[in-house]
Amino acid sequence: MASQIHPSQSREVQLKEDELIVTKTDSTGHITYANRVFMQLAEYPESELLGKPHNLIRHPDMPRGVYRLMWKTLQAGREFFGVVKNYTASGNYYWVLANVTPDYDSKNKLEGYFSVRRPPGRRAVETVIPIYARMCQLESTLNKASAPDASMEWLLAELDKQGHSYESFVLSLLDPHLSTGRSA
Amino acid sequence: MARRTSPFLRTRLGFWLIGFNVLTICTVLASLLLPDSWRLAVEVFLVLLSLLLSGMIWLGSGRIFTVLNTLHEQLGYACDGELHHRASRTRDMGEVGLVAWELNDFLDLVETYFKEINTSFRRVSENDYSRRPLSQGLPGMFAESLQNVDSAIQAMADNDGYIRKNRLSSQLAALNNPHLRHNLASNQNDLTQISTAMDQVSSITRDTASTSRDSLESATLLTGHMDTIAGSVVSMNEASTALAQEWTGIESSLAAISAIADQTNLLALNAAIEAARAGEMGRGFAVVADEVRKLAERSKDTAHRVQSVLGSLSSRISDMHARASEAGTVAAEVKASVETFHQRFATLAEQSDTVLGQVQRVRDMSQVSLQKVGHVMYKQMAYHAIEEGAGLPLSNDLTSWCQGEGRNSFGATRAFGQLAPADERVGKGVELALSTASNKQTLDEDAIIQHMRVLEQDSAQILQLLDRMVEEKHLH
C-alpha cells in the first residue's frame, strides 16, 4: 500500500457525525470484523481486512508512544480512549476518537478487542497535533526499542503537569455535544 | 447507510425458472415434432441439462444457506447474551448479505450501547463519576437511553458529593466542637484571670489613694505645727527686745542711785563740817538734814523701782522659758510627722511597683488572649473553607505576630521558641486539608479528618505554649 502513497496529495476525509466505525480484533490485534462504514471510509474490501493486523491503517504521524500506552491500558483490563490519525487505502487520512475495550467471552476469557470510533471534533484534533509532533520528534532521537516508552512517559508527565490523567485529558477534548456528561 | 439494493436472488430465481420452463417447452416440442430416432437422443440431452441446472442451483444456493445458518446462530448467541459474534464473507449474497450486514450493524449498536453502559457503571461502582456514557453516533432510543443514564449518573454524582459533604461536615463538627468549647473555656479562663488581676489593681489603687489622702492630712498637720513654731519664735523675739529695754532702765536707775549716793556722801560731809562749827547756828544743818532725808526717800523710791523691774524681768524670763519648751514639743511632733510621711511614701512606691507588674501581666495576658482568639478564628475559618470547598480567605495573624510584636514581648521565653514551628505545622495542615478538600473528583473525607486531627493537636500545643509564655515571663 505504502508505495501508492504520495503525501503531497494526501487529503483529509471525514467521518460523518452520525456514523460509527466498529472493528473487532482477536487478542493479537488481527482484524476479525470491520463494519461497512469502515470499509467505505478506509477504502478496503472485507477480503483485504480479515486476518490482517490492525496497524495496517497506522499513519506515520502517530507516535508509537500512544500505541504503547493503549496496549498497556488494555492489558490492565481497562478501556482506552485516543485521538487517532489513520490512513485510507489510497493514502488519504482521517481523524477519529477511538474507544477500545477488551472483549471477554462468557467464561471471562479475553477474546479480542472491540473498537468504536467516533468523529473527534476539530478542537481535539488541533490540540493533539502539536503534542503528537513533539512525541514523534522525541522518538526519532531515540532507538526503536526505548522510543515508545520514553515518549509515553513524556506524554504522561506533560499531562500530569496540567493536572490531567491521560483519560481525563482525552475526555476533556470532546465537544460538549459528544459527551452529554458534564465533568463532575 | 444506503447500500447496493440489487434484487440479486430474485433475478437468479427468475433465470432458474426461465431455464426450467425452456427445458420443459423443449421437451414438449421434441416429443411432438421430432422423429422417434432423434427424440430419444434429444430427451436424454434435455434430462442431462436439467440435472446439470439442478446441480448448479443446489451448489449456488448452498452458500446462501450457510450464511442463513450463520445468521441463525448469531441470533441464537445474541439471545444468549453474547453480542460479539458477527457474520463476515457475505459477498454476492444479495438480500441475504444485506440482512447479514443489517444484523451486524444492529449488533454493533447494541454492543456499543452496552459497552458504554457497563463501562460507566463499573466506574460508578468504583466511586468514579467522570466516565459518562457517550451517546454520539447511536440512533434514536439508544442515544436517548444513554442520555438518561448520563443524567442518572449526574444525579448519583451530585448525591454522592452531597452525602460526602454532609459526612465531612458532621465529622468536622464532631472534631471541631469539643476543641472549640475547650478553646472558648480557655479564653474565658483568661478573661477571668484578667478580671481578677484588674480587681487587685483596683484594690491597690484604692489603698494608694487612701494612703495619699492620709499623707495629705499629715502634711496639713505638719504645716499647722510649723506655723505654731514660727509664731513662738516671733513671740520670743519680742520678749528679748523687751528684755533689752528693761535692762537699759535698770542701768539708768542704777546710775541715778549712784549719783544720789555721791550727793548724800557730799552732804553728809558738809553737815559734819557745819555741825562742828556752829551748834546754834545749826539751823542750816536742819536744812541739810532735810535734804539728806529727801535723798534717802528718793533712794528708797529708786530701790523700789529696781525691785519691781527685776520682778517683771523674772516673769518675762519664765514666760520665755515656757515658750521655748513649747517650741521644742512642736519640733518633736514635726519630726514624728515627717517620719510617718516618709514611711507612707515608701509604701506608696512599693505599691506602685506591684501595680506596674500587674498591669504588665494583664497587658501580656490580653495580648496572648487576643492571639488565642485569633488562632481559634483562623481554625474556624479553615473548617468553614473545608466544608465549602473554598479557598482560605483569612491569613494567619499569629505568624506575623510571632515575627513582630510577639518576639518583642516574649522573645526571651523558651515557649516562644517552640511557637513558630507549631504554627508552621498548623499552616501546612490547613493547606493539606484544603487541597484534599478541593479535589472535586472524589472527596476523601478520611484524609481530611486525619489532617484536621493532627492540626487540632498542634493547635492545642500552640494554645498551651501561649499560656506558658506569659507564665515564664512573670515567674519572678
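What comes next is a walk through the structure. What you are looking at is a predicted structure, and each value in this text was computed from that prediction instead of being measured.

### So, helix α4 (residues 147-161) of chain A
All names here are of chain A. Between its terminal C-alpha atoms α4 stretches 21 Å, which fits the 21 Å expected from 15 residues at 1.5 Å a residue. Along α4, the residues that are buried comprise Ala-147, Pro-148, Ser-151, Met-152, Trp-154, Leu-155 and Leu-159. Around the axis of α4, the buried residues are gathered within 160° of arc, so they sit on the same side. Residues of α4 that are exposed and angled more than 90 degrees away from the buried face: Asp-160 and Lys-161. Next to the buried residues of α4 lie α2 (64-75), α3 (122-140) and α5 (166-173).

### Observations regarding the interface of chain B and chain A
If you look at the interface, chain B gives 35 residues, while chain A gives 37 residues. Here chain B and chain A share an interface that buries about 3,100 Å² over both sides, 49% of which is from carbon and sulfur atoms. Among the residues chain B hides against chain A, the three largest losses belong to Trp-101, Leu-134 and Gln-136 of chain B. Together they make up 24% of the total. Applying the counting rule to chain B against chain A returns eight salt bridges. The partner of Lys-115 of chain B in a salt bridge is Asp-103 of chain A, and the shortest N-O contact between them spans 3.1 Å. Linking chain B with chain A are 10 residue pairs in polar contact (both at pLDDT 80 or more), by the criterion used here. Tallying contributions element by element places helix α3 (residues 94-125) of chain B first for the side of chain B that touches chain A, with 13 residues. The class makeup of the residues in the side of chain B that touches chain A is eight nonpolar, 12 polar and 15 charged.

### Structural notes on the nonpolar core
Of all hydrophobic cores here, the largest spans 77 residues; its most connected members are Ile-21, Phe-38, Val-83, Tyr-94, Tyr-132, Leu-155 and Tyr-166 of chain A. No other element matches the 10 residues that α3 of chain B contributes to this core. The residues contacting Phe-38 of chain A, other than those within four sequence positions of it, are Ile-21, Thr-23, Glu-43, Leu-49, Ile-57, Tyr-94 and Arg-117 of chain A. With 37 residues, the next largest nonpolar core counts Ala-415, Leu-455, Leu-466 and Val-470 of chain B among its residues.

What counts, and where the lines are drawn
Residues numbered from 1 in each chain as written. Chains lettered and ligands numbered in written order. Predicted model: local features only at pLDDT ≥ 70, side-chain atom pairs only at ≥ 80, totals over all residues. Heavy atoms only, no water. Helix = DSSP H or I, 4+ residues; strand = E, 2+ residues; numbered from the N terminus. Expected span 1.5 Å × (residues − 1). Buried < 20%, exposed > 50% of the residue type's maximum accessible area, 1.4 Å probe, protein only. Arc of directions from axis to C-beta. Contact = heavy atoms within 4.5 Å. Buried area = accessible area lost by both parts, 1.4 Å probe. Salt bridge = Lys/Arg side-chain N within 4 Å of Asp/Glu carboxyl O. Polar contact = N/O pair within 3.5 Å; in protein donor to acceptor, adjacent residues only side chain to side chain. Nonpolar A, V, L, I, M, F, W, Y, C, P; charged D, E, K, R; others polar. Core = buried A, V, L, I, M, F, W, Y, C linked by side-chain atoms within 4.5 Å.

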